[in-house]
Protein chains: 2
Amino acid sequence: MEPGSDLGLGDSPLHRYLDGEFWRLKNELRRVLGGCPLFRHRYDLSLDEMRALTFQRVTFTMGLPLLKRAIQEQEFVINTPCENAEKMYIGNAMYGNYAAVFAQLIINGRSQGPHCFIVPVRDEDGNLYPGVTAIDMMYKEGLHGVDNGILIFDKVRIPRENLLDKFGSVTPEGQYHSRIKNKSARFNAMLAALTPSRLAVTFQAMGAMKLGLTIAIRYSHSRRQFGPKAKEEVKIIEHQTQTLRLMPHLATALALTFASRYAGVLLDEDVFHGKELVDSRPLQALVAGLKAYSTWENIRCLQDCRECTGGMGYMMENRISGLKCDTDVFVTFEGDNVVLLQVVVRELLAQYTKQYEERPITSLLQSWAKSGGDKLRTSFLAFNMDTVGNLTFLLKAVNFRERVLQRSLVARIYYKVMTKKEDFFSAWNSCLHHVASLSLAHIHRVTLEQFSLAVRRCPDQEDQALLMKFCLLYGTRLVFQERAWYLEHKYLTPRASMRIRTQLLDLCDSVKDDALRVISAFNIPHTSLHAPIAGITNPLAAWAFYPAPLLSPAREGARSRRPKLEAKL
Amino acid sequence: MEPGSDLGLGDSPLHRYLDGEFWRLKNELRRVLGGCPLFRHRYDLSLDEMRALTFQRVTFTMGLPLLKRAIQEQEFVINTPCENAEKMYIGNAMYGNYAAVFAQLIINGRSQGPHCFIVPVRDEDGNLYPGVTAIDMMYKEGLHGVDNGILIFDKVRIPRENLLDKFGSVTPEGQYHSRIKNKSARFNAMLAALTPSRLAVTFQAMGAMKLGLTIAIRYSHSRRQFGPKAKEEVKIIEHQTQTLRLMPHLATALALTFASRYAGVLLDEDVFHGKELVDSRPLQALVAGLKAYSTWENIRCLQDCRECTGGMGYMMENRISGLKCDTDVFVTFEGDNVVLLQVVVRELLAQYTKQYEERPITSLLQSWAKSGGDKLRTSFLAFNMDTVGNLTFLLKAVNFRERVLQRSLVARIYYKVMTKKEDFFSAWNSCLHHVASLSLAHIHRVTLEQFSLAVRRCPDQEDQALLMKFCLLYGTRLVFQERAWYLEHKYLTPRASMRIRTQLLDLCDSVKDDALRVISAFNIPHTSLHAPIAGITNPLAAWAFYPAPLLSPAREGARSRRPKLEAKL
C-alpha cells in the first residue's frame, strides 16, 4: 500500500503537472497535515476555541522542518506586513507580542512619509504594554480562527533599531537616509511589498475553488435525480444545467493554476535577482489583477458548488458553506478588488503613455483611429464558422478586446481632461466601468495565454489532450460572456455568436467525465476534503454519505484519440 | 414626538404605497417587534441558545393579538407543510410535538398516492414516542435558530382522523374517497399547496434585499474615500462602480415589491373564492418563477452589498454577512430554483399547446416561422435611438424576447421528439439552458409590467416621478443584461446596444440621491437595521459607527421637474 493512500492521495504525471515545480514539497505537506488530527475540519467550536485551535495549527505548521527549510529563502514577504491607515482589522491583534506598524516618520518636525516599525505590544505573559490598547472586533462571516482587532498607541517608545530600514534609516544622530529620494516613490515602494501577499490570496482562492469543485463534482457523479419515464434516475451531472454551472469553473481553476504559477515564477526571479519589487510595475499590475479576478471567480464558483449540491451543500458538514464564508473576505482585503482593477489599468496606461510619449498629441489620436482598422482586419475570422472553435481564434479575440478597450479608454480620458478640461479624478471616475472592463480583459488575455502555453508544454500526450479540452472551454467561456461586446464591435456575427453558445454547451457536456480525472489530480487529502457527500465517511453524519464515484477505466477521455491504447485495455 | 420615531420609522404616502394594502398591520408589527428586546439582532450565541431564542420569538409573535386576528383567514397555508421524500431537513424536528408527514396511502395493498398525515412525535415533556427516531443535522451555513432533522418512523400507529382529508378520505370501513380520481392529478393538487409557502420565501428574500440595501446605501452616503487632488475625499456613492452595483438592485427590489404583491392578490382572490390552487396553474407557475428569480436576485444583491461595504460588511455586527448566510438556502429549498424554472416553462408550454391543440402540426411550425416576421416587425424600434430610453420600448423588448424564446423552444422540442424520435427526457434535458432562459424571460416580463402598472397607479405625483426613474432603470437593466441576445436577433443595433449601456450608467448615477428616499420608505425599524455602519449606535462596536446620511431637503429628486416647488425651498 502506497504511503498516503488512506488520505486518497494519488501520483500521476497529471498530478505532478498541476502541482508544478514544488510537487514533492506539496505531497509531503499533504501527507503530514492530512494525517494530523489537529487539521480535522471543525465548525462546531466557539470563537475562543476556534482561535486557540488556529494558533496551534499555525505553530505546528511553522515548526515543520520541511517547511522551515523551504521558506528560509521565498524572507522579503514576512518582513513587510501592512494594515490599513486606521489600524483596524489587524489579524492576531488580541494575542500577538509584536506588531508591524506603518506610521509617518517625522524627524525634526519633517515627515519622510510612512515607514514600518516593529512595536512590542504584549509581554511574554500576554499583558499589554503601557500605552497600547487593543479592541477585539469579534464576530465575522468566517475566518473565525483569526481575530481581527484595533490597535491604538499612546506615545509608545520603541528603540531606533525597530525601524525596518529597507527603504530608509535613521542614524543615532537623527539623520535620515534613503536610496529613494522622492517621498511618494518611497511610499509606492512600500506598497509594492503587498504583491507577494496578494499572490498568496490568489493561491488561497484557487485552493478553495478546487476544494469546492472536488466536492460538488464527486457528488454530482453520485447523486441521482429525475430521468426518462420508468427508468432509473440519472446522475445529476447529466443535467445540462449542472455541467453548464460546474465545468466552466473547473476550466477556470485550471487556467488560474497556470496563470498564477507564471506570476509566481516572475516574482521569484525578481526576488532572486535582488530586483526591487517597485521596479516590476507590470508584475505588480498582473498580481493585483489576478487577485481581483481569482477571488471573484472563487465567490461565483463556490456559490454554484453550494447550489449544485442543494440542501446538502448548505450543511457545514459538507464543507462548501464554510469555505464560502471564510473566503468571502478575499474580494475586499489586501486591496479591494475594484481598487485593484484600477491599479492594473494605471499600469497599462503608463505603458501606453511611454510608448507614445515622444510623439505629438495627434499621433495619440491617430493611434485611436487605427484601432478601427485593427478591428476590421481581424474580425473576418469570425465569419468562417469553423474558426470559432479554434484556440487561435479565441486567443485573438481576447487580445483584440484588450487592445480596443485600452485605446478607447485613452481616447476618452484624453478628451475629458485635455479638451473638456475636467479634473482627472472626475474624468477617471466617469470611466470606471470602462476601466474595470479593460482590467479584466487584460487578465483574461494573460490567463488564456498562460493556459495555452501550459497545454503546449505538457509532457504527457494524453494529459495534453485533456487539458486542451478545458483550455478551449475556458476560452469559449471568456468570449461567450463578452459576446455582446464582440457583437457591438462586429467581431462576431449574430450566427457566430449563437455558435459560441452551442460550443459552450457541447464542451461542458463533453468534459463532464474528464472532470473526475482533473479533480483527482488536484490531489486533496481526504481529511481536508472531509465532506460525506464527496464519499468521505463520517460516523457523525452518516445521513450525508454518498459513495465516491469511480474513475472510469484509466484515461477513458483520451482513448478515442489513441486507438492503439484501446486495443490494450 | 411621533410614536415609533425612536425606531427610525416614518410615514409618508411613499411609505404606505410600498407597503400596500396592509400598511397599518405592518406598521403595528414594526412597532411591537422593533421595540421588543427579544428581537435584538444576535449572532454571538451557541447553536442551542440560538434555537431557544428563536422558539421564544416564534411563540411571542404567534401570540400577538393583532397577528392572530390577521391570520385567522390568509388557514390553507398552515395545514399543508411538506418535507422531501427522504424526510430530511425537517424544521423543528428536535423539539416539535407533531409532524405533518407525506406518505403513500395504501389501502388493501393498493396505493392511492401520497397523502398528508398528522403524526404525534413527542409527548408534552419532549420525550419521543415509541417507533419515532429523530436525528439532528446540526450545523448549517445560517438559519441557526431552526434545527433541521431527520425523522424515521417504525410502524407508528396514528388514528384514522389524522389523515388530512382535503384531497382524499378513508371511511371507518376502510373505503377510500377522493374528488380527484386520477392519482397523478391528486399528487399535483398536493404540490399546489406549496404555492403559498413559495410566495412567502419570495417575500423573505425581498425583505433581506431591502435590509441589505438600506445598510449599504446609508454607508455609501456616509463613508468617504478617494477624491480630486488636494480636496476632501468624496462619498463612496459618488464612485461610478458603486452606483452601478447598488442601484440596479434597488430598482429590482422595487420591481419585486409590486410583482409579488400582484401574485399575492391573485392568491388571495383564489383562496377567498374557494378555488382549488390546483386550478390556478398560471399562478403556480408565476409563484414558482418569482421564488426562483427573487431568491437569486437576493443572493447577488447581498453579495454586492457585502462587497460595497468592504471589511465592515464582513463583520457580523453590520448584519449583511449574517443575512447572506441565512438566506442562501432560499435558492434551493421549497423547490430548487433550477427545477422551479422548469415548472414555469411546463406551464407556458401547456398554454401554448392548448392554443394550438386543435390545429394541424403544420400550423405549429408555421407559427414558429411567424416569429421571424414578428422579429422584423418590432425591431425597427431600436433603430431610432431615442426610443431606447422609453418604457414602451423596454416593455416591448422583454415581451418580444419571451415570445421568441417560447416559440423556438416549442420548435426544438417538437423536432427532437417528433422528427428525431428522442425520448422526452433527453429532448427536454438538452434544452435546459433554453428552458431556464425562457422561464426568467417570462418572469422579467411580468415583473416589468407590474412595476409599470404600479407607477401608473401611484397616487402621488412626485412619488410617481421617483418610481418612474427606477422603473426605467429596472427595464434598462433587463435589456442590458440580455443585450447579446437582442443583438443576435437583430432587435438591437450595435449602436443602440451601446446606448443601452450609457443609459444604464446615467440612470444609476441620476438616482443615487433618490435612493435615500426609497430606503427610508422601506421603513425598517432601527432595531432590525442594527448595523452601526448604517448609523445605528451600538456601544459594543463604537468602531463601526458611521453617522446616518441626511435625507436631502424634501424630495430633492422631484424638484427639477416641479420648478414651483423650488421657489419655496
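Higher on the page you've got the structure.
Residues numbered from 1 in each chain as written. Chains lettered and ligands numbered in written order. Predicted model: local features only at pLDDT ≥ 70, side-chain atom pairs only at ≥ 80, totals over all residues. Heavy atoms only, no water.

Chemist: How would you summarise the interface of chain B and chain A if you had to cite specific residues and measurements?
Modeler: Taken together, the contact pairs 70 residues of chain B with 70 residues of chain A. Buried area between chain B and chain A, both sides added, is near 5,800 Å², and the carbon and sulfur share of it is 62%. Area buried by chain B at its contact with chain A is led by Tyr139, Tyr314 and Glu488 of chain B, which between them contribute 14% of it. Linking chain B with chain A are 10 salt bridges, by the criterion used here. A salt bridge links arginine 306 of chain B to aspartate 328 of chain A, with the nearest nitrogen and oxygen atoms 3.1 Å apart. Connecting chain B to chain A are 44 residue pairs in polar contact (both at pLDDT 80 or more). (Contact = heavy atoms within 4.5 Å. Buried area = accessible area lost by both parts, 1.4 Å probe. Salt bridge = Lys/Arg side-chain N within 4 Å of Asp/Glu carboxyl O. Polar contact = N/O pair within 3.5 Å; in protein donor to acceptor, adjacent residues only side chain to side chain.)

Chemist: Help me get a handle on the sheet that holds strand E5 (residues 148–153) of chain B, residues and values and all.
Modeler: Remark on secondary structure: sheet strands pair via backbone hydrogen bonds, oriented parallel or antiparallel. Residue and element names in this part refer to chain B. Pairing in this open sheet of 3 strands is antiparallel, and the strands run E1-E5-E4 from one edge to the other. This sheet does not close on itself; its edge strands, each paired only once, are strand E1 (90–91) and strand E4 (132–136). Examined bridge by bridge, E4 and E5 share 5 bridges and lie antiparallel to one another. Residue valine 132 lies in a different strand from E5, and its bridge partner there is phenylalanine 153. (Pairing = 2+ DSSP bridges. Helix = DSSP H or I, 4+ residues; strand = E, 2+ residues; numbered from the N terminus.)

Chemist: Please give an account of the packing of aromatic side chains that cites residues and values.
Modeler: Scanning all chains against the criterion turns up 24 aromatic pairs over all chains. Centre to centre, the rings of phenylalanine 424 of chain B and tryptophan 428 of chain B are 5.8 Å apart; their planes meet at 25 degrees, and the pair counts as stacked. With phenylalanine 424 of chain B and tryptophan 428 of chain B both in helix H14 (residues 424–429) and 4 residues apart, this pair spans about one turn of that helix. The partly exposed category is assigned to phenylalanine 424 of chain B, whose relative accessible area is 40%. Looking at tryptophan 428 of chain B, the relative accessible area reads 4%, which means it is buried. When the ring centre of tryptophan 23 of chain A is taken as origin, the NZ or CZ atom of arginine 16 of chain A, which lies over that ring, is 3.9 Å away. (Phe/Tyr/Trp six-rings, centres within 6.5 Å; stacked < 30°, edge-to-face > 60°. Buried < 20%, exposed > 50% of the residue type's maximum accessible area, 1.4 Å probe, protein only. Lys NZ or Arg CZ within 6 Å of the ring centre and 35° of its normal.)

Chemist: Summarise the relation of the copies chain B and chain A; cite the residues concerned and give the values.
Modeler: Screw-axis analysis of chain B against chain A gives a translation of 0.0 Å along the axis, an RMSD of 0.1 Å, and a rotation angle of 180 degrees. Read as a symmetry element, the transformation amounts to a two-fold axis. Taking C-alpha positions as reference, the residue of chain B nearest the rotation axis is alanine 484 of chain B, located at 2.1 Å. Here 100% of the contact residues of chain B are again contact residues in chain A; the copies associate through an equivalent surface. (Least-squares fit on C-alpha atoms with pLDDT ≥ 70 in both.)

Chemist: Summarise the sheet that holds strand E5 (residues 148–153) of chain A; cite the residues concerned and give the values.
Modeler: Spatial strand order, E1-E5-E4 (chain A): 3 strands in an open sheet with antiparallel pairing. Edge positions in the sheet fall to strand E1 (90–91) and strand E4 (132–136) of chain A, since each has one partner strand and no second.

Chemist: Any chance you could break down the side chain of serine 220 of chain B for me, citing the residues and the numbers?
Modeler: Residue and element names in this part refer to chain B. With respect to the helices, strands and loops of the structure, serine 220 is situated in helix H6 (residues 194–220). A relative accessible area of 0% places serine 220 in the buried class. A polar contact is formed between the side chain of serine 220 and the backbone oxygen of alanine 216, at a distance of 2.7 Å. At 3.0 Å, the side chain of serine 220 and the side chain of glutamine 242 are in polar contact.

These figures come from the coordinates and say nothing about function on their own.
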